[in-house]
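Given next are the chains, with one letter for each unit.
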Amino acid sequence: IQERTSLDDQKVGIKLPRMSFEITSLTYDQSVAVTKNNVIKVATADPTVYKSIRGPIPYRMGIQLNVMTRNQDDALQILEQILPFFQPDYTLTINDIPDMGIKSDVPIVLQGVTMNDEYEGDFESRRAIIYTLDFETRVKFYGGVADRGVITTSAIDINNLTTFGFIEEIVEEGNPEASGIDTTDDNQIT
């Protein structure tokens, strides 16, 4: 194959060993879902602005890895480089949103390994041994990051409940650096 200038020649078959993967399923993970009102807020260099994003939406993702080889020895050499890392899971630290410093540990769980040998015994047919490794992991989907202003002034009107008359207005000017991130009617997660 390396001596050929073009691999478009009909005489060149598939080169083995070969690996491929595909996403096989994506289902909502209700067991770790958070309420819709959760908001993650992070301070910025500007004390009058903070970054805001809604809480993540959790999903379970199925992934399938296929290992196709010409003989059993090649397949087992590939598997012995993969399988020892999964007992039955392997945990990765993912940078979910680097701008906000949000990271999460994501386990990748090996669900099972199956083998398929399509060799019929004919000398002219190609033997293909396919090992299929099924994995499951958890992923989180986030909405867009928004810049929000920090509340620096609050005004309260005091009224008489009996006469519904105006009594007094109290205005408080705050220092955003002293108070940190101020929440509106959203919940704050830290």
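Residues numbered from 1 in each chain as written. Predicted model: local features only at pLDDT ≥ 70, side-chain atom pairs only at ≥ 80, totals over all residues. Heavy atoms only, no water.

Okay, the overall build of the protein next. Of the regular secondary structure elements, the protein holds two helices and eleven strands. Per-residue burial for the protein yields a buried fraction of 23% across its 190 residues. The contacts in the protein between residues at least 6 apart in sequence include a share of 64% that link residues at least 24 apart. Surface accessibility of the protein: about 13,600 Å² in total, with carbon and sulfur atoms responsible for 50%. (Helix = DSSP H or I, 4+ residues; strand = E, 2+ residues; numbered from the N terminus. Buried < 20%, exposed > 50% of the residue type's maximum accessible area, 1.4 Å probe, protein only. Contact = heavy atoms within 4.5 Å. Areas by Shrake-Rupley, 256 points an atom, 1.4 Å probe, with all protein chains shown as cover.)

Our next topic: the environment of G149. Within the secondary structure, G149 is located in strand β8 (residues 146-149). Residues contacting G149, with those up to four places away along its chain left out, are T48 and Y50.

This brings us to the nonpolar core. L65, V67, A75, I78, L79, I82, F86, L110, I129, Y131, L133 and F135 together form the largest nonpolar core, which totals twelve residues. The set of elements that each furnish at least two residues to this core consists of β4 (57-69), α1 (72-82) and β7 (129-141). Core analysis: the next-biggest nonpolar cluster, separate from the first, contains five residues, I40, I97, M100 and I102 among them. (Core = buried A, V, L, I, M, F, W, Y, C linked by side-chain atoms within 4.5 Å.)

Note: most residues except glycine have negative phi, and most peptide bonds are trans. Residues Q87 and P88 are joined by a peptide bond in cis, for which omega reads -10°. Turning to its location among the elements, P88 is positioned in the loop between α1 and β5 (89-97).

Before going further, it helps to spend a moment on the pattern of salt bridges. This model, assessed by the stated rule, comprises four salt bridges. Residues R138 and D29 are paired through a salt bridge, measuring 3.7 Å at the closest nitrogen-oxygen approach. Of the two residues, R138 sits in strand β7 while D29 sits in the loop between β1 (18-28) and β2 (38-43), which places them 109 residues apart along the sequence. When the shortest N-O distance is used, the salt bridge between K51 and D147 registers 3.4 Å. Of this pair, K51 sits in strand β3 (residues 49-54) while D147 sits in strand β8, placing them 96 residues apart in sequence. Judged by relative accessible area, which is 23%, K51 ranks as partly exposed. With relative accessibility at 53%, the residue D147 sits in the exposed group. Linked by salt bridges that have partners in common, D29, R60, E136 and R138 make up one network. (Salt bridge = Lys/Arg side-chain N within 4 Å of Asp/Glu carboxyl O.)

What follows concerns the side chain of T69. Among the secondary structure elements, T69 is positioned in strand β4. The buried category is assigned to T69, whose relative accessible area is 0%. At a separation of 3.0 Å, a polar atom in the side chain of T69 contacts the main-chain carbonyl oxygen of N71. With residues near it in sequence (within four places) discarded, T69 still touches L16, P17, D74, A75, I78, R127, A128 and I129. (Polar contact = N/O pair within 3.5 Å; in protein donor to acceptor, adjacent residues only side chain to side chain.)

This part covers the confidence of the model for the protein. In this model, the protein carries an average pLDDT of 81, and 79% of its residues clear a pLDDT of 70 or more. Note on residues 178-190: pLDDT is under 50 here. Beyond four places in sequence and across chains, it has 26 contacts. (pLDDT = per-residue confidence, 0-100.)

Let us now look at the pairing of strand β6 (residues 102-117). Inspection of the sheet shows β5 paired to β6 by eight bridges, in the antiparallel sense. Pairing of Y90 across the sheet is with I108, part of β6. Here β5 folds back onto β6, and the loop between the two strands holds four residues, one of which, G101, carries a positive phi near 70°. Two strands pair when backbone bridges link them, and β6 and β7 are joined in this way by nine bridges, in the antiparallel orientation. Each bridged residue has a counterpart across the sheet, and for N116 the counterpart in β7 is I130. (Pairing = 2+ DSSP bridges.)

Sheets are built from strands paired through backbone hydrogen bonds, the pairs being either parallel or antiparallel. Read across the sheet, five strands follow the order β1-β4-β7-β6-β5 without closing on themselves; strand pairing throughout is antiparallel. Pairing within the sheet leaves two strands with one partner each, and these edge strands are β1 and β5. Taking the axes of each pair of neighbouring strands and ignoring which way they run, one obtains an average angle of 25° across the sheet. The sheet contact formed by β1 and β4 spans ten bridges and is antiparallel. Bridge pairing links I23 to I63 in β4. Of the strands in this sheet, β1, β4, β6 and β7 touch α1, which is tilted by about 25° from β7. (Axes fitted to C-alpha atoms, helices over the stretch in contact; angles between N-to-C directions.)

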